[in-house]
Every structure is written in C-alpha cells, then in structure tokens.
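Descriptive structure summary
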Amino acid sequence: MGNYLNPGNSGFEEIIKSEYVDKTGLISLINKTIGTTDKLTCISRPRRFGKSFAAKMLCAYYDCTCDSNSLFKNLEIYSDDSFDQHLNKYNVIYLDITGFISYFNQNRMDLSGIVSYIIESIKKELLDSFPSLESVEELTSCLIKYSENTGKKFIFIIDEWDAIIREAKDDENTQITYLNLLRSWFKNGNFTPKAVAAAYMTGILPIKKDGTESAISDFQEYTILNPGNYAKYTGFTENEVVELCNKHGNNFNSMKEWYDGYSFSKAESIYNPYSVMTALKMDSFESYWQKTSAAESLSTYINLNYDGLQDDVLRLITGEHLEVSVDSFENDVESFKSKDDVITLMIHLGYLAYDNKKKTVRIPNKEVKEEKHSAQIQ
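Residues numbered from 1 in each chain as written. Predicted model: local features only at pLDDT ≥ 70, side-chain atom pairs only at ≥ 80, totals over all residues. Heavy atoms only, no water.

What about the pattern of salt bridges?
Using the following cut-off: A pair is scored as a salt bridge if a Lys or Arg side-chain nitrogen falls within 4 Å of a carboxyl oxygen belonging to Asp or Glu. Numbering of helices and strands runs from the N terminus, with a helix taken as a DSSP run of H or I at least four residues long and a strand as a DSSP run of E at least two residues long. Each residue gets one of three labels from its accessible area relative to the maximum for its type: buried under 20%, exposed over 50%, partly exposed in between, using a 1.4 Å probe on protein chains only.
Scanning all chains against the criterion turns up 16 salt bridges. Between Asp332 and Lys208 there is a salt bridge whose closest N-O contact spans 3.0 Å. Of this pair, Asp332 sits in the loop between strand 11 (322–323) and helix 17 (339–349) while Lys208 sits in the loop between strand 4 (196–203) and strand 5 (209–210), placing them 124 residues apart in sequence. For the pair formed by Asp332 and Lys208, the shared burial category is buried. Members of the salt-bridge network, linked through shared partners, are Lys51, Glu160, Asp162 and Arg166.

Looking at helix 17
Quick note on the threshold: Within 3.5 Å is the distance limit for a polar contact, defined as a pair of N or O atoms, with the added protein rule that one can donate a hydrogen and the other accept it, and that residues adjacent in sequence qualify only through two side-chain atoms.
Burial runs high along helix 17: ten of the eleven residues are buried. Capping of helix 17 at its N-terminal end is provided by Ser338; its side-chain oxygen lies 3.3 Å from the backbone amide nitrogen of Asp340. Of the residues trailing helix 17, Gly350 is marked for its positive phi of about 95 degrees.

A short note on the pairing of strand 1 (residues 40–44)
What counts is decided by this rule: Should DSSP find at least two bridges between two strands, the strands are regarded as paired.
Extensive coverage of strand 1 is indicated by the burial of five of its five residues. Of the two faces of strand 1, the one lined by Leu40, Cys42 and Ser44 and the one lined by Thr41 and Ile43 are each fully buried. Summarising the sheet, strand 1 and strand 7 (residues 220–222) pair through three bridges and their orientation is parallel. Looking at strand 7, one finds that Ile43 is bridged to Tyr222.

A few points about the pairing of strand 4
Burial within strand 4 is extensive, with eight of its eight residues counted as buried. Note that strand 1 and strand 4 share five bridges and pair parallel. In the sheet register, Ser44 faces strand 4, and the bridge partner there is Gly203.

Digging into unusual backbone geometry
Positive phi is not limited to glycine here, since Asn6 has a value of about 50 degrees. Positionally, Asn6 belongs in the segment before helix 1 (10–17). Look at Asn6 and you get buried, because its relative accessible area is 3%. Unusually for a residue other than glycine, Arg108 sits at a positive phi of about 50 degrees. With respect to the secondary-structure elements, Arg108 resides in the loop between helix 6 (97–106) and helix 7 (114–129).

Observations regarding the packing of aromatic side chains
Quick reminder of the rule: In this analysis, rings of Phe, Tyr and Trp, with Trp reduced to its six-membered ring, are considered paired at centre separations within 6.5 Å, and the interplanar angle assigns stacked below 30 degrees, edge-to-face beyond 60, and tilted for intermediate values. Whether a charge sits over a ring depends on NZ of Lys or CZ of Arg being within 6 Å of the ring centre and within 35 degrees of the ring normal.
Enumeration over the complete set of coordinates arrives at 25 aromatic pairs. With centroids separated by 5.5 Å and ring planes inclined at 90 degrees, the aromatic side chains of Phe49 and Tyr262 adopt a geometry described as edge-to-face. Residue Phe49 is located in the loop between strand 1 and helix 3 (51–62), and its partner Tyr262 is located in strand 9 (residues 262–264); the two are separated by 213 residues in the primary sequence. An identical accessibility class is assigned to Phe49 and Tyr262; each is buried. Between Phe100 and Tyr117 the ring centres are 6.0 Å apart and the planes differ by 80 degrees, which places this aromatic pair in the edge-to-face class. Remark: Tyr117 occurs in helix 7 and Phe100 occurs in helix 6; sequence separation between them is 17 residues. Residue Tyr117 is classed as partly exposed on the basis of its relative accessible area, which comes to 23%. The rings of Phe12, Tyr20, Tyr61, Tyr62, Phe72, Tyr78, Phe83 and Tyr90 are connected pair by pair, giving a single aromatic cluster. Its guanidinium or amino end placed over the ring of Tyr274, Arg48 lies 4.5 Å from that ring's centre, counting from NZ or CZ.

Right under this line is the structure:
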C-alpha cells in the first residue's frame, strides 16, 4: 500500500470507528458511472462538509490491494446490487492536494513546482511495484503499463482538487500547468479510455472555466448550486440530524436553527455536518466556523464592495433574499468582474444558500449569520 497508489482502507476504518453517519449510498451512484461516458465526476461543496470522509470511503471500497468487505457489512451500500461487482476491484490513485500544498509551504517551496512533484510522487510508487517501468518516461504511459500488468484500470480519487486554483490564485502559469495535468488524465483519447475506469474529484470550487466552458469539459459536475442526485450526500439530511439529536439527547430545534438552511430539490434540508458533530461533542450550540482562514477571506471579499456589496450583506443579515446571477463566475477566487461573482463565491464557500428555482440567495442559518456579523466591514 502506498500514499498515492492504492492507499488501502485504514482511513475509512478510522472514520467508522468514530460516530459515523452512513453516506455509503454515494458509492452506488459512482458505480453506475464506471466504464461509461459519465465516468468522470466532480463534486463541489463548502469546507467541512465531509469531502475527505467521502474520498477515504471510496478509496477503501475500490482499492484492489485490501479486503474491505467487513468495513461495509453493516452499511447501506452492502445491500446494493453493485456492491460485490466493484468491491476492491481497481487500482486507485488517491491525491489529497492540500497535503502537497502543506508540504510545499512547510518547506518554503514555490508552488510552481507542485505539478512536477505530484508526477514524481506517483511515478515513484509505480516503480516500487514494477521497476521495469523506469524506462517509461511519461506518467500516462507508466499508468497504462501498470494497468496492463495488473489487469486492472485506475479509479482516480482527488480530494480538494481546487486547492491549487485557490492557493496559486496569482500564478496563472501554475494553474495552467495543473489543469493540463488533469487534461492529460481525463481528456486524453490515448489514455483515458485505456486506463481510467472512473474519476471522483471533490473540492470547494467547480472546475475552473476556460472562457465560458469548463477547462476539463468531460466531467459531470455537481455543485452546491445544483447537486442533483448527490444532494443528500452534500451534508447531513434532516432525518440523520433528528436521529443524532435523539441519540445524544440534544435539542433538535436549536440544531436546526444553527446549522440547517441549505435546500435542494432532492434534499429539502441539508445541515453542516462538521458543525452538527462538533455541537454534539461540545454539547453547545455555537459558530464553529469562526476564527478560521476562511472567515478572514470572507472579510476580504466583502470589503471589495463591488457595486455596493457591503450594503447587500447588511440586507442579508436582516433576513432579506437577494437575486443573483451565477453564470459569469469563473470558478476561482481572483477573476471577479461584478458583485454577483463575489456573491457566487460566497455560495460555494457555504456562507450563502442558493435557491436554484428563484435564483436568490439568503443567509442559511444562525451560525453563518454570526460569522457575517463577525466579518469586519470597513
């Protein structure tokens, strides 16, 4: 087992040893895409909404180097018709992009070298298994040979895929190099059909736009604006929160007031999972998003004050719903052309809830309202 190639199931094993809300039904949705033209999936949702939990769950399920049957035995996916068909049947490439960024930051290395480092890290683990691949220079060629040697295609699982887009926001060359790496895997007629069984990318932002289109156009995207069939996996559903409150003896009405507020056509009430679980552990209803770097960024964006944005934020705090156009947002944290672009970013960050039918935004709950109050408006 490696860090990036077939990382095993220990991450998910740790998760289910803690109090785990069963989200394994997501696996059945990914299983339906394997080997089809819809095999590339990108899920974007706010920070601390369970993205890393889902990524580790998928690693445990698909990784061919481990036996994860017992981990899923009492969970929803176990009774699904596709469970045995895909369980531990694939090579897995697992990348936590924030981990690479943390390594570069800790060693005071320039992010311009991060793509080369990712390629070298993956190739090193491929060579550890098959030293004969050393003469194969291109990573995609190595991956094809590895797939042929093992008889198993790859499932790519990329957590916080957009971290480079956010962290290298002033470095267009690094962004382009990174997007080109993803294109070489997922929009490459000489590689993708031969070696990729499926891909699951997750992050805060949707895929960066290249003009008006997605830079990696073959992905099926499910965003916080419209998560489709993935809505109930965006956070905790109301039934899940009711069960947790009953189990712990907590006040459900207070939990709803503080952490509910995200609503979709296929999931009417979605709660912030991190905040719900922290409130249960701390036995206290508070804002658990405060004093984070994301909260500091919120102040930065509000203080840009495009077209009277600060006044609109104050109106939102008083409970108003405001119309917004989300179409011009370029899916990054730098290319703002209007107030609507900044508001759209705030939706993706989780600070605003979006009504896809009415095309309006509002503050979702008491926790976010308190963060809006605490965000300094100059």
